[in-house]
Amino acid sequence: MKKFLLLCLLLFSGCTRAQTTSSEIEEQQAKQIVLAHANISESDITKLVIEKNSKDNTNVYTVKFSTNNKTYEYFVNRVNGEIIKSSYESIVTPKNDVSNNSTDKENSSNSNTADTTNKHTITNNSNKQDTSSNNTDTNQTSNQNASTKQSSTSSSITKEQAKTIALSHANVDISDTRMFRIIPEYDDGIAIYNVEFYANNKEYDYEIAQSDGRIISYDYDIENDTPSTSTNNNVQSNIISLANAKSLALAKVNGSSEQNLKISLDYDDGKPIYEGEIMYGGMEYEFEIDATSGNFIEWSVEHQD
């Protein structure tokens, strides 16, 4: 009798484990959920990455994918397929010198190669035919990456050089600055200096590549929300009204009102934008709107804590 009860217990335990495992949705299911939500066809995807992670003590799939003009990021509950957070960002061509474009493409290529070694990447069926050629070039790619790392290390710039580059680009004298910060960090696998400083009633933020001093991105924010009276009148006349920007934002969240909305005019790379957030229905929506065209540059959704 004891042997029979022990056998039943073992069988029940095995069934429970099988049910627990089978209750988790597959990666392909997570992919279909986010593509349907974003209204994107799989054929339009240029890159797709799916990873298993944990967010707020919940097991999730992190799904990141790109099209020709936007990048998307989703967090999907691995048990029930619920979208916990979603966001997208428009891909904007940097306003840096044209001479940097070729360098950007090389860095982008190297960054993508590094990503595929650390992340579980799913490609479209049309790309599967390239698998054999990728395997053939593995040794060559490894050698190229090694030489690239060595050259980057030997030619990396100092913090002082990064500071000089940022001040020269902003046309600001060091004596006019305050609260200067230079922080070494990594962005998409690229070693950068994050340079931040205040000057002339503006907050400047630069990302500068440690390898060659290239300005990857920069922006400045006016320290108050009211545009300066010295701003060019022609630029101001092209900006959509605050009321119009509010209407655009609220139209994306059914049932929300101005009581749920925070919005202000700001500048990014010298370009006017409206940025803000909407708190409604237990969700937090963050956005950026191009203040001259009314197009959404960024839009993200997350459950409120």
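Just so you know, these numbers come straight off a predicted model, no measurement behind them.

**Here's the deal with the overall build of the protein chain**
Part 1 of the reasoning: In terms of regular secondary structure, the protein chain is built from eight helices and 12 strands.
Part 2 of the reasoning: Here the protein chain holds 305 residues, and the buried ones make up 32% of them.
Part 3 of the reasoning: Within the protein chain, contacts between residues at least 6 apart in sequence are counted, and of these 43% link residues at least 24 apart.
Part 4 of the reasoning: For the protein chain, the exposed area adds up to about 19,100 Å²; of that, 47% sits on carbon and sulfur atoms.

**Here's the deal with the sheet that holds strand E1 (residues 47–55)**
Part 1 of the reasoning: Taken in spatial order, the eight strands line up as E1-E2-E3-E4-E12-E11-E10-E9 in an open sheet, and their pairing is antiparallel. Looking at the sheet topology across the chains shown, the edges are occupied by E1 and strand E9 (261–268). Sheet twist, expressed as the average angle between the axes of neighbouring strands with direction ignored, equals 15°.
Part 2 of the reasoning: Where strand E2 (residues 58–66) lies against strand E3 (residues 70–77), seven bridges are found, and the strand directions are antiparallel. By the bridge assignment, Phe65 is partnered in E3 with Tyr72.
Part 3 of the reasoning: Each of E1, E2, E3 and strand E4 (83–90) is contacted by helix H2 (residues 27–38), which is oriented at about 60° to E2, the strand it contacts most.
Part 4 of the reasoning: In the packing of helix H8 (residues 242–250) onto the sheet, contacts are made with E9, strand E10 (271–280), strand E11 (283–290) and strand E12 (296–303), and the angle to E9 comes to roughly 115°.

**Details of the nonpolar core**
Soluble globular proteins tend to pack their nonpolar side chains together in the buried interior.
Part 1 of the reasoning: The biggest cluster of nonpolar side chains holds 53 residues, and the ones touching the most others in it are Phe65, Val195, Phe197, Tyr206, Tyr274 and Phe287.
Part 2 of the reasoning: Aside from chain neighbours lying at most four places away, what touches Phe65 is Val34, Leu35, Ala38, Ile40, Ile45, Lys47, Leu48, Lys70, Thr71, Tyr72 and Tyr74.

**What to know about the pattern of salt bridges**
Part 1 of the reasoning: In total, this model carries 11 salt bridges according to the counting rule given.
Part 2 of the reasoning: Close ionic contact of Lys52 with Glu24 constitutes a salt bridge, the shortest N to O distance being 3.3 Å. Residue Lys52 is located in strand E1, and its partner Glu24 is located in the loop between helix H1 (2–22) and H2; the two are separated by 28 residues in the primary sequence.
Part 3 of the reasoning: Residue Glu302 pairs with Lys85 through a salt bridge whose shortest N-O separation is 3.6 Å. Of this pair, Glu302 sits in strand E12 while Lys85 is found in strand E4, placing the two residues 217 residues apart along the sequence.
Part 4 of the reasoning: For Glu302, a relative accessible area of 21% gives the class partly exposed.
Part 5 of the reasoning: Connected via shared salt-bridge partners are Glu24, Lys52 and Arg78.

**Focus: the pairing of strand E7 (residues 202–209)**
Part 1 of the reasoning: With eight bridges connecting them, strand E6 (residues 190–199) and E7 associate as antiparallel partners. Across the sheet, Tyr198 pairs through a bridge with Glu203, a residue of E7.
Part 2 of the reasoning: The antiparallel hairpin formed by E6 and E7 contains two residues in its connecting segment, where Asn200 sits at a positive phi of about 55°.

**Focus: the packing of aromatic side chains**
Part 1 of the reasoning: Under the counting rule described, the total for this entry stands at 11 aromatic pairs.
Part 2 of the reasoning: Ring centres of Tyr285 and Trp299 lie 5.7 Å apart, and the angle between their planes is 40°; this geometry places the pair in the tilted category. Linking Tyr285 in strand E11 with Trp299 in strand E12, this pair joins segments that are 14 residues apart in sequence. Here Tyr285 matches Trp299 in class, with each residue buried.
Part 3 of the reasoning: Residue placement shows Lys252 over the ring face of Phe296; its charged tip is 4.8 Å from the ring centre.

**With respect to the confidence of the model for the protein chain**
Part 1 of the reasoning: Averaged over all residues, the pLDDT of the protein chain is 76; the fraction at 70 or higher stands at 66%.
Part 2 of the reasoning: When pLDDT is averaged over each element of the protein chain, H8 comes out on top at 96 and helix H3 (residues 101–118) at the bottom at 43.
Part 3 of the reasoning: The low-confidence segment residues 94–136, where pLDDT is below 50, has 34 contacts with residues more than four positions distant or belonging to other chains.

**Quick look at the side chain of Glu284**
Part 1 of the reasoning: Mapped onto the elements of the fold, Glu284 is located in strand E11.
Part 2 of the reasoning: Although Glu284 is buried, it forms no salt bridge, and the closest oppositely charged side chain is Lys85 at an N-O distance of 8.3 Å.
Part 3 of the reasoning: Discounting chain neighbours no more than four positions away, the residues touching Glu284 are Glu277, Ile278, Met279, Ser300, Val301, Glu302 and Gln304.

Thresholds applied
Residues numbered from 1 in each chain as written. Predicted model: local features only at pLDDT ≥ 70, side-chain atom pairs only at ≥ 80, totals over all residues. Heavy atoms only, no water. Helix = DSSP H or I, 4+ residues; strand = E, 2+ residues; numbered from the N terminus. Buried < 20%, exposed > 50% of the residue type's maximum accessible area, 1.4 Å probe, protein only. Contact = heavy atoms within 4.5 Å. Areas by Shrake-Rupley, 256 points an atom, 1.4 Å probe, with all protein chains shown as cover. Pairing = 2+ DSSP bridges. Axes fitted to C-alpha atoms, helices over the stretch in contact; angles between N-to-C directions. Core = buried A, V, L, I, M, F, W, Y, C linked by side-chain atoms within 4.5 Å. Salt bridge = Lys/Arg side-chain N within 4 Å of Asp/Glu carboxyl O. Phe/Tyr/Trp six-rings, centres within 6.5 Å; stacked < 30°, edge-to-face > 60°. Lys NZ or Arg CZ within 6 Å of the ring centre and 35° of its normal. pLDDT = per-residue confidence, 0-100. Lys, Arg positive; Asp, Glu negative; His and termini not counted.

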